Amino acid sequence: MLVSERIGQLFVETDAGRDRLEFTEYGDGDAWVVLLPAELLPRRMQQPLARVLAAEGLHVVTLDPLGHGRSDRPADPQAYSVTVFAEQVVALLDHLGAPQAVVGGISLGANVALETAAIAPERVRGLILEAPILDNGVEAGILTFGPLLLTARFLPLAVTALRRTTRPVPRGIVPFWAGIALDTCDQRPGAVAALVHGLFFGRAAPSARERRRIDVPALVVGHPLDPTRPLADAEMLAGELPQATLLRARTPWEWRLRPQRLDEAAVELATRCWRTPRRRRRTGS
């Protein structure tokens, strides 16, 4: 089923100034879904799932948070944190006139979706959380992104050289996921260093107490054999969220390469959220 696709933009105020965010809408209607990418990846990585959801009658929006894709990339660490990204999701909903949405993402995007539910619970109808990064993923995250921070800070020419090498490659002649990889290489050293610095030293996710209060339907997808995004974090989160369903991916790449099973679970979650009246947020500890 073909669905309409529209690119839009909005401007947000940050400590670094006034910055531009870019997003893509798929479909239409009042049953909103917002999808977020993994760290440093463009929103286009969520295009396949967005099209599947829109074909089921949902109004889907994919967002590039600051420092990602085609949104602005300030070189100020204060412009980047999970909380700032969650505030950008709320700003997007305000811009679109969407009172509520199902919010989802992978890795950093999953953490941002959780944070959105924590800071603006009245705006979140449900959650689609793939491979969240919580307590068990901290060390692997440092080992993965620490060298990137140091390279961007002290060897910026390496980041610039990679960008200049990969940027001329026409995206239309390579497979979809190869194009996503090429887009991810299109980085600027100052912005990369600022983004990783901001994520390292800012709040990574809502606390366990806050997570237990997020009382909306949630699909939590865990990755096996993924040290950066351990399955243990997904299992822990599914045990904390009152209305969570845990689904174990067969491989870390299942949703990218063989998506049908996980697509069906996401469609079921999102459509159920919009069929069911929203419950009031829990106020207990």
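Residues numbered from 1 in each chain as written. Predicted model: local features only at pLDDT ≥ 70, side-chain atom pairs only at ≥ 80, totals over all residues. Heavy atoms only, no water.

The name an unreviewed UniProt entry assigns to the protein is Alpha/beta fold hydrolase, from the organism Nocardioides conyzicola.

Undergrad: Got a minute to help me understand the environment of Phe145 in this structure?
TA: On the secondary structure map, Phe145 appears in helix α4 (residues 138-154). Assessed through its relative accessible area of 17%, Phe145 is described here as buried. Those residues within four positions of Phe145 in sequence are excluded, and the remaining contacts are Glu39, Leu40, Val196 and Phe200. (Helix = DSSP H or I, 4+ residues; strand = E, 2+ residues; numbered from the N terminus. Buried < 20%, exposed > 50% of the residue type's maximum accessible area, 1.4 Å probe, protein only. Contact = heavy atoms within 4.5 Å.)

Undergrad: How should I be thinking about the sheet that holds strand β6 (residues 124-130) in this particular structure?
TA: Consider a sheet: its strands pair through backbone hydrogen bonds, and that pairing is either parallel or antiparallel. Strand order across the open sheet formed by 8 strands is β1-β2-β4-β3-β5-β6-β7-β8, with mixed pairing between neighbours. Edge positions in the sheet fall to β1 (5-14) and β8 (244-248), since each has one partner strand and no second. Neighbour-to-neighbour, the strand axes of the sheet open up by a mean angle of 20°, direction not taken into account. Note that β6 and strand β7 (residues 218-222) share 4 bridges and pair parallel. In the sheet register, Glu130 faces β7, and the bridge partner there is Val221. (Pairing = 2+ DSSP bridges. Axes fitted to C-alpha atoms, helices over the stretch in contact; angles between N-to-C directions.)

Undergrad: What is the right way to read a nonpolar patch on the surface from this model?
TA: A cluster of nonpolar side chains, namely Val138, Ile142, Phe200 and Phe201, defines an oily patch on the protein surface of about 400 Å² accessible area. Contributions of two or more residues to the nonpolar patch are made by α4 and α7 (189-201). Counting through the fold element by element, Val138 comes out in helix α4. (Patch = residues over 30% accessible without salt bridge, like charges linked within 9 Å, V, L, I, M, F, W, Y side chains within 5 Å. Areas by Shrake-Rupley, 256 points an atom, 1.4 Å probe, with all protein chains shown as cover. Salt bridge = Lys/Arg side-chain N within 4 Å of Asp/Glu carboxyl O.)

Undergrad: What's the story with the packing of aromatic side chains in this structure? I'm lost.
TA: The geometry of an aromatic ring pair comes down to the distance between the two centres and the angle between the two planes. Scanning the entire structure with this criterion turns up 2 aromatic pairs. Between the aromatic rings of Phe176 and Trp177, the centroid separation amounts to 4.9 Å while the plane-to-plane angle is 85°, which identifies the pairing as edge-to-face. Under the relative-accessibility criterion, Phe176 is labelled partly exposed at 25%. The exposure class of Trp177 is partly exposed, given its relative accessible area of 27%. (Phe/Tyr/Trp six-rings, centres within 6.5 Å; stacked < 30°, edge-to-face > 60°.)

Undergrad: So what exactly am I meant to see when it comes to α7 here?
TA: For an α-helix, the turn length of 3.6 residues means that residues three or four places apart are oriented alike. Here α7 is 13 residues long and its end C-alpha atoms lie 18 Å apart, about the 18 Å a rise of 1.5 Å per residue gives. Within α7, burial applies to Pro189, Ala191, Val192, Ala193, Ala194, Leu195, Val196 and Gly198. Looking at the buried residues of α7, the elements they touch are α4 and α5 (156-166). (Expected span 1.5 Å × (residues − 1).)

Undergrad: For this particular structure, what's the right way to read the UniProt feature "domain: AB hydrolase-1" (unreviewed entry) in the protein?
TA: Those places that UniProt annotates as "domain: AB hydrolase-1" (unreviewed entry) correspond, in this numbering, to residues 33-135. Between the end C-alpha atoms of residues 33-135 the distance is 27 Å, and the span holds 35% helix and 22% strand. (UniProt positions renumbered as here; feature names shortened; annotations may be inferred.)

Undergrad: Explain the packing of helix α2 (residues 82-96) against helix α3 (residues 108-119) to me, please; I cannot follow it from the model alone.
TA: In helix packing, the relevant descriptors are the interaxial angle and the interaxial distance, both defined with respect to the helix axes. Between α2 and α3, the least distance of the axes is 8 Å, while the angle of their chain directions is 70°. As summarised for this structure, α2 and α3 are arranged roughly perpendicular, according to the angle between their axes. Remark: the crossing between α2 and α3 carries right-handed chirality. Between α2, through Val82, Thr83, Phe85, Ala86, Glu87, Val89 and Val90, and α3, the contact on the second element is made entirely by Leu108, Asn111, Val112, Glu115, Thr116 and Ile119. (Parallel < 35°, antiparallel > 145°, perpendicular 65-115°, else oblique. Left-handed = near helix turned anticlockwise from the far one by under 90°.)

Undergrad: Would you explain the pairing of strand β3 (residues 32-36) in this entry?
TA: Within a regular beta strand, the side chains point alternately toward one face of the sheet and then the other, so they alternate between its two faces. Burial analysis of β3 places 5 of its 5 residues in the buried class, which makes it a mostly covered element. A two-sided burial pattern is seen for β3, the buried positions comprising Trp32, Val34 and Leu36 on one face and Val33 and Leu35 on the other. Pairing analysis gives 4 bridges linking β3 to strand β4 (residues 59-64), with the strands arranged parallel. Opposite Trp32, over in β4, you have His59 as the bridge partner. With helix α1 (residues 47-55) bridging β3 and its parallel neighbour β4, the resulting β-α-β unit is right-handed. Summarising the sheet, β3 and strand β5 (residues 101-106) pair through 4 bridges and their orientation is parallel. (Right-handed = clockwise from strand over helix to strand, strands pointing away.)

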